[in-house]
There are 2 protein chains.
Amino acid sequence: MPEVRVEEVQRFMEESLVAGGAPLPEAQAHAALLLHADLVGHFSHGLNRLELYVNDMKNGVCDAKAKPVILKESESTAWVDGCNSLGATTASFCMDIAIRKAKEYGVGWVAAKRCNHFGMAGYWAIKAERHGLIGMAYTNSAPIMVPTRAKNSSNGTNPISMACPAAGGDSLVVDMATTAAAMGKVEVQIKKGEKIPEGWALGPDYKPTTDPQVAFDSSRLMPLGGPEETSGYKGYALSTMVEVFCSGLSGASPTHKVPMWTYTQQDPPNLGQCFVAVDPQRFAPGFGHRVKECLDHYRSMEPIDPSLPVLVPGDKEKQNQESSRLRGTIVYPQGQIDTYMKLAQRIGVKPLQVLD
Amino acid sequence: MPEVRVEEVQRFMEESLVAGGAPLPEAQAHAALLLHADLVGHFSHGLNRLELYVNDMKNGVCDAKAKPVILKESESTAWVDGCNSLGATTASFCMDIAIRKAKEYGVGWVAAKRCNHFGMAGYWAIKAERHGLIGMAYTNSAPIMVPTRAKNSSNGTNPISMACPAAGGDSLVVDMATTAAAMGKVEVQIKKGEKIPEGWALGPDYKPTTDPQVAFDSSRLMPLGGPEETSGYKGYALSTMVEVFCSGLSGASPTHKVPMWTYTQQDPPNLGQCFVAVDPQRFAPGFGHRVKECLDHYRSMEPIDPSLPVLVPGDKEKQNQESSRLRGTIVYPQGQIDTYMKLAQRIGVKPLQVLD
C-alpha cells in the first residue's frame, strides 16, 4: 500500500484546509488533530475525513474564521458558543478553559454549542493529561445507534474519552464510541470482504446482521453490550449520559436532530461538546504512582493467548504511534490516495506525494 | 412468595444495624439505602446484603460510630477519609460536600478512601439530582472482572452512575456495573435453573460459559461488551477509568488488592469512592426541558416488539418503585426470609413479620 511521509501528510492537510478557507493557525491545529488519528491508527478520523471538513467550509457549514466565545462563566464552569468554527478551534478553546479552571479551582467543566466535528475525542482528553490533569472530552453526533428495543436510530456514537498521567511518563487513555463498534470498523470489514460479529449492528429487519454491507446501509449500530440480554441498554445509557453533557448543558441540537455528516451538507450540525479537567494534586499525594501501579498490574497479567498480551486502554494507539514515528511514514489504502488526488485537483492544492 | 410491608422491612433493617453497633441515625440512613434497592427491584443490593453489613460491624471491619473527615479541600474538590464508617455515612457526607460545592462554584468533585460498600451507586447520584444537579457516584470493589485477554480477574464491577433532573419531575438515572452483568444476575439464573447468555462470564478454562454455577464458582465476569471482538475492552476501559476516579484520586486500595466481601471478612476493604455534582444552571438556560425532550423522544420510538416499549435509563426502576409503593409491600424469596429469621435470632432482633 502507498506510503506517505508524515510531514507530507501534515503539509497536504494544512494546505487543503487553507484552500477550504481556514486561516493558517486554525488549519495547522486541525491538521495536527487529523494527523494524530492516522498516527495512532484510527484512520477513520484522520485523512479519511479531510474532504468532509474542506467541504463543510466551502458549503458554509463551518466558518473557519470564526472564534468561539464564552457566554457564561463561573469558577469551575463555562458555557461556550463555538460559533460554527472549525472543530479543533472550538475544542482547543474549550479545553484550555477547562485546564485553566482545574489549575485554579480544582475542576473545569466546559460545555459548548454550535460545534463542528472535533475528530478523535481522546485527542482533547490528552491535551489536559499533558498538563498533569485528568482530561475528559465528549461530543454528540448524528443518529446512528439504535436504543435497546427500538427499530430505528436516535443516538450518536457519542464517545467517552478520558486521559490521565501516570508515573514515568506513562498514561491511561480511554477513547471509545458508546456503540459496540464504530461505523468505520464496519467499512473495514466491507473492504476485507469479511463478516462482522453478531452484536455490532441491526439490519433493516431490526435483527442483528453479520453482513457488513447490510449493516452499513441499514445505519443501525447497536449500543455497547449488543442485545438487551448482554446489557446493550448500558451502552444506550452511556450514550444518553453523553447527550446530557453535550446538548443538555450547552443547548446544542440533541443527536436525534443532528443531520448525518455528508459531502453536501448545507446546515451547520450544531453539535454539543463537553470538556472536563480535574487536578489530581487536589487529592491524595502519589496519584501518578498509584495509576502506574494499576496499569502495570494489568499489563503483567497472564494472557489467555501468550501471543496476545493484556493491554491497558491507549497502549495499542501508543504502539502504533511509535511505529509511525520510527517509520516516518503513514500507510494509506490506494483508494484513499486516489480520492485525495481528486480533491487536490478540485481545490488547487499540490497533490500528496506518495513514496516510490 | 412471602410479602413484607415496606415499613416492616425498614424497621428490621434499622434494628439489625443498631444491633450490629450502628448509632440510630447512621442505621436509619443505611437502611434507607438498602430499602431503596429493594423498592426499585435491585434485590441484590438490598436486604440481601444486610447480613454482610451487620457482620462487618461485628467483625470490626466497619466502625459505624466513626465520622468521615475532610483531609484536603479546594473550591471544587475535597479529599475525604471515610474512616471505615458505614457505607451510607461516608457516601452521604461526600455527596453533601459535592452538592454544596456545585451550588457555590459550579462543580463539586469529592474522592474518599477507607470506605465500606455504599450499596447502589445510583442512590447517591439521585441525592444530587434532587437538588437540581447532575450527580455522579463511583466506587471500586473486589476483583471480579477479567480484563480483555487476561486469564484472571483484577477489576471490580466498578459501577458508573449518573442522575439528572428533567422537566415535569422526570429524570434520567444511569446506574450500571461496567461488567456485562452483575454477579447477582448470575445467581438469579442459578435459582431459576436457566443458562446465562454467552458474554457474561468465563469459566475456569478461560472460555465463555453459559452455565451460571460454573460462572459463579469461576468468579470471572466479562467486561461490558463481552469478548474482544464485540469490544469488551471498552467495558474494561470504563472500569479502569472508575478505578482512577476512586483509588487513584483517594489513595484507597486498588481493586486488585481489595479482599472479596465475605461473611467472615477481617480487614477493612479500604474502598475508594468518588462523588461528583455539576450545576446545570451554570450553562444554557432550559436544561430540564432539553433533557425531557430527549427522554420523551426515546420513549416514543417505535419498538421492535410492541409489548416491549423503549425505555429510558431509570424507567424500569421507577416503575418497580411505583408498584412497591402501591402495594405497600416487598416480595422476597422464601430462602431470603429464612436467612433473616436466623440473623434475627443470632443478633437478638425481632424477626421480620411476613404477611399471611
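Predicted model, so just to flag it, every value in this text is computed and none were measured.

Engineer: Mind showing me how you'd approach the overall build of chain A here?
Structural biologist: Helix and strand content of chain A: 11 helices and 9 strands. Taking the principal axes of its C-alpha atoms as reference, chain A extends roughly 55 × 45 × 45 Å. Expressed as a percentage of its 356 residues, the buried residues of chain A come to 62%. At a minimum sequence separation of 6, the contacts of chain A that also span at least 24 residues come to 67%. Looking at charge distribution, chain A has the averaged site of its 35 positive side-chain charges lying 4 Å from that of its 38 negative ones.

Engineer: Mind showing me how you'd approach the interface of chain B and chain A here?
Structural biologist: Interfaces are often described in size by the accessible area the parts lose on coming together. With 94 residues of chain B at the interface, the matching set in chain A holds 93 residues. Between chain B and chain A, roughly 7,200 Å² of surface is buried when both sides are summed, and carbon and sulfur atoms account for 68% of that area. The interface formed by chain B and chain A includes 4 salt bridges. Sort the elements by how many residues they give to the side of chain B that touches chain A and helix α8 (residues 232-250) of chain B lands first, with 15 residues.

Engineer: I'm lost on the side chain of T77(A) in this one. Help?
Structural biologist: Of note, T77(A) is situated in strand β3 (residues 77-81). On the basis of relative accessible area, T77(A) is assigned to the buried category, the value being 0%. Reaching out from T77(A), the side chain makes a polar contact with the side chain of S74(A) at a distance of 2.5 Å. For T77(A), the contacting residues outside a window of four places in its chain are K72(A), K101(A), W109(A), Y105(B), G106(B), V107(B), R282(B) and F283(B).

Engineer: Sorry, what's going on with the sheet that holds strand β4 (residues 107-115) of chain A here?
Structural biologist: Sheet strands pair by backbone hydrogen bonding; their relative direction is either parallel or antiparallel. Residues and elements named next belong to chain A. Taken together, the 7 strands give an open sheet; going across it, the order is β2-β3-β4-β8-β5-β6-β7, and neighbouring strands pair in mixed fashion. Each of the sheet's edge strands pairs with one partner strand only, and the pair in question is β2 (69-74) and β7 (171-176). Between one strand and the next, the sheet's axes are offset by a mean angle of 10°, whatever the strand orientation. Pairing analysis gives 5 bridges linking β2 to β3, with the strands arranged antiparallel. The partner of E73 across the bridge, within β3, is A78. Sitting on the sheet, helix α9 (residues 287-299) is in contact with β5 (134-139), β6 (160-165) and β7, with an inclination near 115° to β6.

Engineer: Any chance you could explain the relation of the copies chain B and chain A here in plain terms?
Structural biologist: One copy of the chain maps onto the other through a rotation about an axis plus a displacement along that axis. Each copy superposes on the other: chain B lies on chain A with an RMSD of 0.0 Å after a rotation of 180° and an axial shift of 0.0 Å. Such values leave the two copies arranged in the relation of a two-fold axis. Residue G225(B), judged by its C-alpha, is the member of chain B lying nearest the rotation axis, at 2.1 Å. Comparing interface residues between copies, 99% of those in chain B also lie at the interface in chain A; the contact surface is shared.

Engineer: What should I look at first to understand the pattern of salt bridges in this one?
Structural biologist: In a structure, side chains of opposite charge can pair up when their charged atoms sit close to one another. Within this structure, the stated rule accounts for 42 salt bridges over all chains. E8(A) is paired through a salt bridge with R11(A); the nearest N and O atoms lie 2.4 Å apart. In this pair, E8(A) and R11(A) are both assigned in helix α1 (residues 6-20), 3 residues apart and thus about one turn of the helix distant. For E8(A), a relative accessible area of 12% puts it in the buried group. With relative accessibility at 16%, the residue R11(A) sits in the buried group. Between D170(B) and R299(B) there is a salt bridge, with its nearest N and O atoms 2.7 Å apart. Linking D170(B) in the loop between β6 (160-165) and β7 (171-176) with R299(B) in helix α9 (residues 287-299), this pair joins segments that are 129 residues apart in sequence. By sharing partners, the salt bridges in this structure join D170(A), K292(A), D296(A), R299(A), D315(A) and K318(A) into a single network.

Engineer: So what exactly am I meant to see when it comes to the domain arrangement of chain A here?
Structural biologist: Residue and element names in this part refer to chain A. Split into domains, chain A comes out as domain 1 (4-58 + 325-347), domain 2 (66-179 + 230-282) and domain 3 (181-220). Buried area between domain 2 and domain 3, both sides added, is near 630 Å², and the carbon and sulfur share of it is 56%. Linking domain 2 to domain 3 there are 4 residue pairs in polar contact (both at pLDDT 80 or more). Residue classes in the side of domain 2 that touches domain 3 are distributed as 4 nonpolar, 3 polar and 1 charged.

Engineer: Would you take a moment to explain the environment of G82(B) for this structure?
Structural biologist: Residues and elements named next belong to chain B. Assignment of secondary structure puts G82 in the loop between β3 (77-81) and α4 (87-105). Here the alpha-carbon distance between G82 and A181, two residues 99 residues apart in the chain, equals 28 Å. When residues no more than four places from it in sequence are discounted, the contact partners of G82 are P68, T90, K113 and R114.

Engineer: How should the nonpolar core be read in this particular structure?
Structural biologist: If you look at soluble globular proteins, the nonpolar side chains tend to sit buried side by side. Grouped together as the largest cluster of nonpolar side chains are 83 residues, with contacts concentrated most on W109(A), I134(A), M162(A), W109(B), I134(B) and M162(B). If sequence neighbours within four positions are ignored, I134(A) has contacts with A128(A), M162(A), A163(A), C164(A), V276(A), A277(A), V278(A), P280(A), F287(A), V244(B), F245(B) and L249(B).

Conventions used here
- Residues numbered from 1 in each chain as written.
- Chains lettered and ligands numbered in written order.
- Predicted model: local features only at pLDDT ≥ 70, side-chain atom pairs only at ≥ 80, totals over all residues.
- Heavy atoms only, no water.
- Helix = DSSP H or I, 4+ residues; strand = E, 2+ residues; numbered from the N terminus.
- Buried < 20%, exposed > 50% of the residue type's maximum accessible area, 1.4 Å probe, protein only.
- Contact = heavy atoms within 4.5 Å.
- Lys, Arg positive; Asp, Glu negative; His and termini not counted.
- Charge placed at Lys NZ, Arg CZ, Asp CG, Glu CD.
- Buried area = accessible area lost by both parts, 1.4 Å probe.
- Salt bridge = Lys/Arg side-chain N within 4 Å of Asp/Glu carboxyl O.
- Polar contact = N/O pair within 3.5 Å; in protein donor to acceptor, adjacent residues only side chain to side chain.
- Pairing = 2+ DSSP bridges.
- Axes fitted to C-alpha atoms, helices over the stretch in contact; angles between N-to-C directions.
- Least-squares fit on C-alpha atoms with pLDDT ≥ 70 in both.
- Domains from an automatic or database assignment.
- Nonpolar A, V, L, I, M, F, W, Y, C, P; charged D, E, K, R; others polar.
- Core = buried A, V, L, I, M, F, W, Y, C linked by side-chain atoms within 4.5 Å.

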